[in-house]
Amino acid sequence: FKVNAQTTNISGVVNSYVSVSSLAFQSVVAPSSTGFVVGDKVLLIQMKGATIDTTNTSSFGTINSYNDAGNYEMLVISAILSNTITFSAPILRTYNVIGLVQLVKVPVYNNVNIIGVLTCSPWNGSTGGVLAFEATGNVSLNANIDVTGKGFLGGAKLSGQLGSCVGNTTGFKLPITSLLSTNKGEGITLIKPSFAKGLGALANGGGAGNDVNGGGAGGGNYGLGGHGGNSKCSSSPVSLCGGREGKNCAYSNSNNKIFLGGGG
C-alpha cells in the first residue's frame with residue numbers, strides 16, 4: 001500500500017466511502033469505484049444486522065444476536081475493474097450486505113500534523129460515520145478530532161400531535177404511522193415500519209418518548225444510554241413514559257467488533 005512521505009498536514013474529511021453491493025472470496029462490488037485506486041488501504045465494515053427482541057414488552061430491543069454487525073477488517077486494493085474492487089488477500093470475516101456494509105479508504109501517512117478540525121462524512125444511512133487513518137510516525141494534534149453528531153441518527157421529534165393526556169404510555173413498539181409516540185434513535189439493528197416508534201430501544205438506539213412530551217432515551221455503546229424523562233401528564237407513571245435506554249454493546253478481543261454509538 002502507499003505511504004505519504006515526510007509530514008502531511010491534514011484537516012476536514014480524509015476518508016472516501018462507498019457502499020458494498022456484494023462480496024466474493026477476495027473482492028467486492030460497489031455502485032462506484034470513484035475515489036479508490038490500486039494500492040489504497042481500506043476498511044471493510046458492516047454497520048448493522050443485529051437481531052433483537054421485538055415483543056411489546058420491556059424486553060423490546062434486547063440484542064439476541066449480533067450476527068455480522070460490527071465485523072470489520074483492513075485490506076489493500078490490488079485491482080479495480082469497473083465497479084469490482086479486488087484485494088491483495090482474501091476477505092477473512094463474514095458480511096451480509098442487508099446489514100449495510102461499506103468500504104472506507106484509509107490514508108496512511110508517515111508523520112501527520114492535524115492543522116484543522118479532523119472529522120468524517122456524516123452517516124447517511126449507507127455510508128459515512130467513520131474516521132480512520134494510519135500513521136507510521138508521529139501524530140501532532142494541533143486541532144481537534146471531532147465527529148460529533150456524524151454517526152447513527154437520533155429520532156426526529158414530532159410536534160402538536162396530542163393536546164391532552166390521552167397518549168399511549170405502555171407501547172414499546174408502535175408503527176411509523178402512530179401519533180402516540182415519536183421516532184426511536186438509530187442503532188445496530190435495522191429499523192422496520194412496524195416498530196419505528198414506541199418506548200423500546202432499537203438495540204443500542206434509544207427508545208422514543210410516549211404520551212405528551214415524554215422524553216426520548218439516550219443511545220448506548222459500551223455502556224447503556226440514559227432513560228427518557230417522564231411526560232407532562234402527572235397521571236402517567238414515571239416508569240412508563242420515557243423511552244428505554246439504548247442497550248450496551250458487548251466488546252471483547254475474541255469478538256473483535258466495533259459499533260457506532262446509538263442515536264438518542
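Residues numbered from 1 in each chain as written. Predicted model: local features only at pLDDT ≥ 70, side-chain atom pairs only at ≥ 80, totals over all residues. Heavy atoms only, no water.

**Student:** Can you break down the overall build of the protein chain residue by residue, with the values?
**Tutor:** Counting its secondary structure elements, the protein chain contains 1 helix and 13 strands. Listing each helix as α and each strand as β along the protein chain from the N terminus yields β-β-β-β-β-β-β-β-β-β-β-β-β-α. Taking the principal axes of its C-alpha atoms as reference, the protein chain extends roughly 65 × 40 × 35 Å. In the protein chain, which comprises 264 residues, the proportion classed as buried is 45%. In the protein chain, once contacts between residues fewer than 6 apart in sequence are set aside, the share between residues at least 24 apart is 68%. Here the protein chain has roughly 11900 Å² of accessible surface; of this, 53% comes from carbon and sulfur atoms. (Helix = DSSP H or I, 4+ residues; strand = E, 2+ residues; numbered from the N terminus. Buried < 20%, exposed > 50% of the residue type's maximum accessible area, 1.4 Å probe, protein only. Contact = heavy atoms within 4.5 Å. Areas by Shrake-Rupley, 256 points an atom, 1.4 Å probe, with all protein chains shown as cover.)

**Student:** Can you tell me about the environment of Ala143, naming the residues and giving the values?
**Tutor:** Tracing the backbone shows Ala143 in the loop between strand S13 (139–141) and helix H1 (238–241). Among the residues examined, Ala143 registers a relative accessible area of 17% and is labelled buried. Sequence-distant contacts of Ala143, defined by excluding residues within four places in its chain, comprise Ile114, Ile115, Gly116 and Val117.

**Student:** Please set out the sheet that holds strand S10 (residues 101–105) residue by residue, giving values where relevant.
**Tutor:** With antiparallel pairing, the 7 strands of this open sheet are ordered in space as S2-S10-S5-S8-S9-S4-S3. At either end of the open sheet lies a strand with only one pairing partner, and these are strand S2 (17–19) and strand S3 (22–23). Examined bridge by bridge, S3 and strand S4 (residues 27–29) share 2 bridges and lie antiparallel to one another. Residue pairing in the sheet places Ser22 in a bridge with Val29 of S4. (Pairing = 2+ DSSP bridges.)

**Student:** Tell me about the packing of aromatic side chains, and name the residues and values.
**Tutor:** Enumeration according to the criterion identifies 6 aromatic pairs in this entry. Both rings, one in Trp123 and one in Phe152, keep their centres 5.8 Å apart while their planes meet at 80°; by these two values the pair is edge-to-face. Pair noted here: Trp123 is in the loop between strand S11 (108–119) and strand S12 (134–135) and Phe152 is in the loop between S13 and H1, with a separation of 29 residues, a long-range link. There is no split in this pair, since Trp123 and Phe152 are both buried. Aromatic side chains Tyr251 and Phe259 sit 5.4 Å apart centroid to centroid with 75° between the ring planes, which places their arrangement in the edge-to-face category. Owing to a relative accessible area of 9%, Phe259 belongs among the buried residues under this scheme. (Phe/Tyr/Trp six-rings, centres within 6.5 Å; stacked < 30°, edge-to-face > 60°.)

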